[in-house]
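Letter by letter, the chains look like this.
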Amino acid sequence: LRKIRTLILSHNNLTDAKSIEHVTELPELCTLDLQSNKIDGADDHEEVINVIQRCASLRVLYLKGNGITKRIPFYRRTMLSTCRGLRYLDDRPVFDDERRRCNVWGDIIQAGGTVEDAKQAEQEVIRLIRTEKEELDER
């Protein structure tokens, strides 16, 4: 079982971090489908994030259809900055530019910065990315 790479747990009435904690015992888990459960994160959204973050090989995550996606502040940014190996989140690919923006945003938040500080840092990265692309176009 430790070699499981894809685990589909959608539509299983899972409710909280404790109900999904077993996924951390799967070191090769790349794809985790938790969509359409009852994970609302009312009391434990940080614990749910922590469980998912501990899946080091995770590349694809489906959480849509769970209330927790509305409870996690800045859901997509938070998940991508916390789970830096993700390549797809809820059917949407993670492109390099988005990854760079989210990583900077997450670094500011993790360091105790404000959301405004994080947004400002993200805007600076967006400007840098534009400049890099313009320079490439000129070559």
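Shown above is the structure to which this text applies.
Note on numbering: residues in each chain are counted from 1, in written sequence order. At least 70 in pLDDT is required for a residue's local features to be given in this predicted model, at least 80 for side-chain atom pairs to be given and counted, and no such filter applies to totals for whole chains, interfaces and linings, which use all residues. Values reported for side chains reflect all heavy atoms of the structure, with hydrogen atoms and water molecules removed beforehand.

Just give me the short version of the sheet that holds strand E3 (residues 60-62), but keep the residues and values in it.
Only when DSSP finds a minimum of two bridges between them are two strands counted as paired. A run of DSSP states H or I qualifies as a helix once it reaches four residues; a run of E qualifies as a strand once it reaches two. Both are numbered from the N-terminal end. Sheet architecture is open: 5 strands sit in the order E1-E2-E3-E4-E5, paired in mixed fashion. Of all the strands in the sheet, just strand E1 (6-8) and strand E5 (92-93) have a single pairing partner and so form its edges.

Residues and numbers for unusual backbone geometry, please.
Its identity as a non-glycine residue notwithstanding, Asp90 has a phi of 50°, on the positive side. Examined against the element boundaries, Asp90 turns out to sit in the loop between strand E4 (88-89) and E5. Working definition: with a 1.4 Å probe on protein chains only, accessible area under 20% of the residue-type maximum means buried, over 50% means exposed, and in between means partly exposed. By relative accessible area, which is 14% here, Asp90 ends up buried. Positive phi values are uncommon outside glycine, yet Asp91 reaches one of about 70°. Structurally, the position occupied by Asp91 is in the loop between E4 and E5.

Any details on a negative patch on the surface? Residues and values, ideally.
The residues that make up patches have over 30% relative accessible area and no salt bridge, and they are joined within 9 Å when like-charged or within 5 Å when they are Val, Leu, Ile, Met, Phe, Trp or Tyr. Here, Shrake-Rupley sampling with a 1.4 Å probe gives the accessible areas, and only protein chains in the shown set may cover a residue. Any carboxyl oxygen of Asp or Glu that lies within 4 Å of a side-chain nitrogen of Lys or Arg is treated as forming a salt bridge with it. Positive charge is attributed to Lys and Arg, negative charge to Asp and Glu, and no charge count is given to His or to the chain ends. For charged residues, the charge sits on one atom: NZ in Lys, CZ in Arg, CG in Asp, CD in Glu. Taken together, the side chains of Asp40, Asp43, Glu46 and Glu47 present a region of like negative charge at the surface. Within the secondary structure, Glu47 sits in helix H2 (residues 45-53).

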